[in-house]
Amino acid sequence: MRIDIVTIFPEFFDVLDISLLGKARQTGLIDLGVHNLRDYTHDRHRTVDDTPYGGGAGMVMKPEPWGEALDGILRPGDDTPDERTTDHADAHTPLVIFPSPAGEVFTQAMARRLATEQHLIFGCGRYEGIDQRVFDDTAARARVRLVSLGDYVLNGGEVAVMAMIEAIGRLIPGVVGNPESLVQESHEDGLLEYPSYTKPAEWRGHEVPPVLLSGNHGVIAAWRHEQQLERTRRVRPDLLPSEGASEDSAP
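Now for a quick tour of the structure. Nothing here was measured: the structure is a model prediction, and the numbers come from that model.

1. Digging into the overall build of the chain
Helix and strand counts for the chain stand at 8 helices and 9 strands. Residues classed as buried in the chain amount to 39% of the 251 residues present. Long-range contacts, defined as pairs at least 24 residues apart, comprise 75% of the intrachain contacts of the chain with a sequence gap of at least 6. By element, 52% of the accessible surface of the chain is carried by carbon and sulfur atoms, the whole surface being about 14800 Å².

See below:
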């Protein structure tokens, strides 16, 4: 997968050189390019923002540097107009993602879909956001999605992009050593993950549940599923279908 990031803080993404994603870059599973938005300015102050039309607090990121930066990344031949007409466009078409509190919420299901893309481009906004014309212009030549991590506001898009790349990158085949570990995680089956234990069997008066020491894999699987249900009911009941919905869907 090719990943490009446009930001005014390129050093923020140095962390992608370590851990599993760092190894994925070394082995060629992920090809990463980080682009400094200020390199596409033409004044001595390398200005990337200006006051908003219509008034209001804060500053808005200017369209000119964004346009030039994306021009250089969206090379001719990367996509065709016909491929961009639906949300189900071919994964060969670059997908440009702008973190935004006004976007659709990022989920594990979305991460799984995005892990099948061949080229992702992330645009990290700052201040009061990016001039709307950047989204409109980019959408004329690539797929564009505004994506939010949740119902809160960050200082900029860098933290959100890091979280998304971490979630997406580990789902790329070959990045995680044991692919079975990905199946047993929170949100993969709609439930939160069950609690995990390792040696020793007793620590500071806390004992490992006896069922995990039984060797009976069927009983262990049933216990883990019940733990998932209990934890989800307690912490994230919104993830469970309502009883009314279950009754309505019954034949």
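On we go from here.
2. Quick word on the pairing of strand 1 (residues 2-7)
With 6 of 6 residues buried, strand 1 is to be regarded as a mostly interior element. Across the two faces of strand 1 the burial is the same, with Arg 2, Asp 4 and Val 6 and Ile 3, Ile 5 and Thr 7 all buried. Direction of pairing for strand 1 relative to strand 2 (residues 31-36): parallel, over a ladder of 6 bridges. When the bridges of strand 2 are listed, Ile 5 appears paired with Val 34. The parallel pair strand 1 and strand 2, bridged by helix 1 (residues 19-26), forms a crossover whose chirality is right-handed. Two strands pair when backbone bridges link them, and strand 1 and strand 6 (residues 119-123) are joined in this way by 5 bridges, in the parallel orientation. Within strand 6, the residue paired with Val 6 across the bridge is Gly 123.

3. Concerning the packing of helix 2 (residues 63-73) against helix 4 (residues 132-139)
It is at 9 Å that the axes of helix 2 and helix 4 come closest, and there the two elements cross at 25°. Taken together, helix 2 and helix 4 sit at an angle that is classed as roughly parallel. Considering only the axes of helix 2 and helix 4, their crossing is right-handed. Residues Pro 63, Trp 66 and Leu 70 of helix 2 pack against Arg 133, Val 134 and Thr 138 of helix 4. Residue composition of the contact of helix 2 with helix 4, by class: 4 nonpolar, 1 polar and 1 charged.

4. Quick notes on empty space enclosed by the protein
All chains considered together, the criterion is met by 1 cavity of 30 Å³ or more. Its boundaries defined by the atoms lining it, the largest cavity holds a volume of some 40 Å³. By residue class, the composition of the lining of the largest cavity is 6 nonpolar, no polar and 1 charged.

5. So, the pattern of salt bridges
Scanning all chains against the criterion turns up 14 salt bridges. For the salt bridge of Lys 62 with Glu 64, the shortest nitrogen-to-oxygen distance reads 3.7 Å. On the basis of relative accessibility, which here comes to 47%, the residue Glu 64 falls in the partly exposed class. Between Asp 238 and Arg 236 there is a salt bridge, with its nearest N and O atoms 2.9 Å apart. Taken together, the salt bridges that share partners define one network made up of Arg 2, Asp 4 and Asp 31.

6. A look at unusual backbone geometry
Note: most residues except glycine have negative phi, and most peptide bonds are trans. Across the junction of Lys 199 and Pro 200, the peptide omega takes the value 5°, indicating a cis bond. Tracing the chain through its elements places Pro 200 in the loop between helix 6 (180-183) and strand 8 (202-203). Here Arg 46, not a glycine, exhibits a phi torsion of approximately 55°, which is positive. With respect to the secondary-structure elements, Arg 46 resides in the loop between strand 2 and strand 3 (49-50).

7. Description of helix 7 (residues 217-235)
The first and last C-alpha atoms of helix 7 sit 26 Å apart over 19 residues, in line with the 27 Å expected at 1.5 Å per residue. All of the buried residues in helix 7 are Ile 220, Trp 223, Gln 228, Leu 229 and Thr 232. Where helix 7 begins, the capping side chain belongs to Asn 216, and its oxygen is found 3.2 Å from the backbone nitrogen of Gly 218.

8. What to know about a nonpolar patch on the surface
Together, Phe 9, Phe 12, Tyr 152, Leu 154 and Val 159 give the surface a local cluster of nonpolar side chains, amounting to about 430 Å² of exposed area. Secondary-structure assignment places Leu 154 in the loop between strand 7 (143-148) and helix 5 (158-169). Looking at Leu 154, the relative accessible area reads 36%, which means it is partly exposed.

9. A closer look at the nonpolar core
Ile 5, Phe 106, Phe 122 and Ile 168 are the most contacted members of the largest nonpolar core, which totals 30 residues. Contributions of two or more residues to this core are made by strand 1, helix 1, strand 5 (95-105), helix 3 (108-114), strand 6 and helix 5. Counting residues per element, this core draws most heavily on helix 5, at 7 residues. When sequence neighbours within four positions are dropped, the list of residues in contact with Ile 5 reads Phe 13, Leu 16, Leu 32, Gly 33, Val 34, His 35, Phe 122, Cys 124, Val 161 and Ile 165. Membership of the second largest hydrophobic core comes to 17 residues, among which are Ile 8, Leu 74, Phe 98 and Ile 121.

Rules and cut-offs
- For every chain, the first residue of its written sequence is number 1, and the numbers climb from 1 along that sequence.
- Thresholds applied to this predicted model are a pLDDT of at least 70 for local features of residues and 80 or more for the giving and counting of side-chain atom pairs; totals over whole chains, interfaces and linings are not thresholded and use all residues.
- Working from all heavy atoms in the structure, the side-chain values ignore hydrogens and water.
- Segments assigned H or I by DSSP are reported as helices when at least four residues long, segments assigned E as strands when at least two residues long, and all are numbered from the N terminus.
- Each residue is placed in one exposure class: buried if its accessible area under a 1.4 Å probe, protein chains only, is under 20% of its type's maximum, exposed if it is over 50%, and partly exposed if it falls in between.
- Residue contacts are counted whenever heavy atoms from the two residues lie within 4.5 Å of one another.
- The protein chains shown are the only cover counted for residues, whose accessible areas, like all others here, come from Shrake-Rupley with a 1.4 Å probe.
- When DSSP finds two or more bridges between two strands, those strands count as paired.
- Call a crossover right-handed when, viewed with both strands pointing away from you, the route from the first strand across the helix to the second goes clockwise.
- To obtain an axis, a line is fitted to C-alpha atoms, over the contacting stretch when the element is a helix, and the angle between two such axes runs from 0 to 180 degrees between their N-to-C directions.
- Any angle from 65 to 115 degrees is called roughly perpendicular, while one under 35 is roughly parallel, one over 145 is roughly antiparallel, and all others are oblique.
- In this scheme the crossing of two helices becomes right-handed for a clockwise turn of the near helix relative to the far one and left-handed for an anticlockwise turn of less than a right angle.
- Throughout, the ten residues Ala, Val, Leu, Ile, Met, Phe, Trp, Tyr, Cys and Pro are labelled nonpolar, Asp, Glu, Lys and Arg are labelled charged, and all others, Gly among them, are labelled polar.
- Here a cavity denotes grid points, spaced 1 Å and computed from the protein atoms alone, that fit a 1.4 Å probe unable to get out, and a pocket denotes an open set having protein on both sides within 12 Å along at least 5 of 7 lines; residues with an atom within 4 Å of a point are the lining.
- Grid points are joined across faces, edges and corners, and a volume is the space filled by probe spheres set on the points.
- Every case where a carboxyl oxygen of Asp or Glu lies within 4 Å of a side-chain nitrogen of Lys or Arg is listed as a salt bridge.
- By this rule the span expected of a helix is its residue count minus one, scaled by 1.5 Å.
- Pairing of N or O atoms within 3.5 Å defines a polar contact, subject to two protein rules: one partner must be a possible hydrogen donor and the other a possible acceptor, and residues neighboring in sequence count only if both atoms are side-chain atoms.
- What goes into a patch is any residue over 30% in relative accessible area without a salt bridge, connected to like charges within 9 Å or, for nonpolar side chains (Val, Leu, Ile, Met, Phe, Trp, Tyr), within 5 Å.
- Put simply, buried Ala, Val, Leu, Ile, Met, Phe, Trp, Tyr and Cys residues joined by side-chain atoms within 4.5 Å make one nonpolar core.

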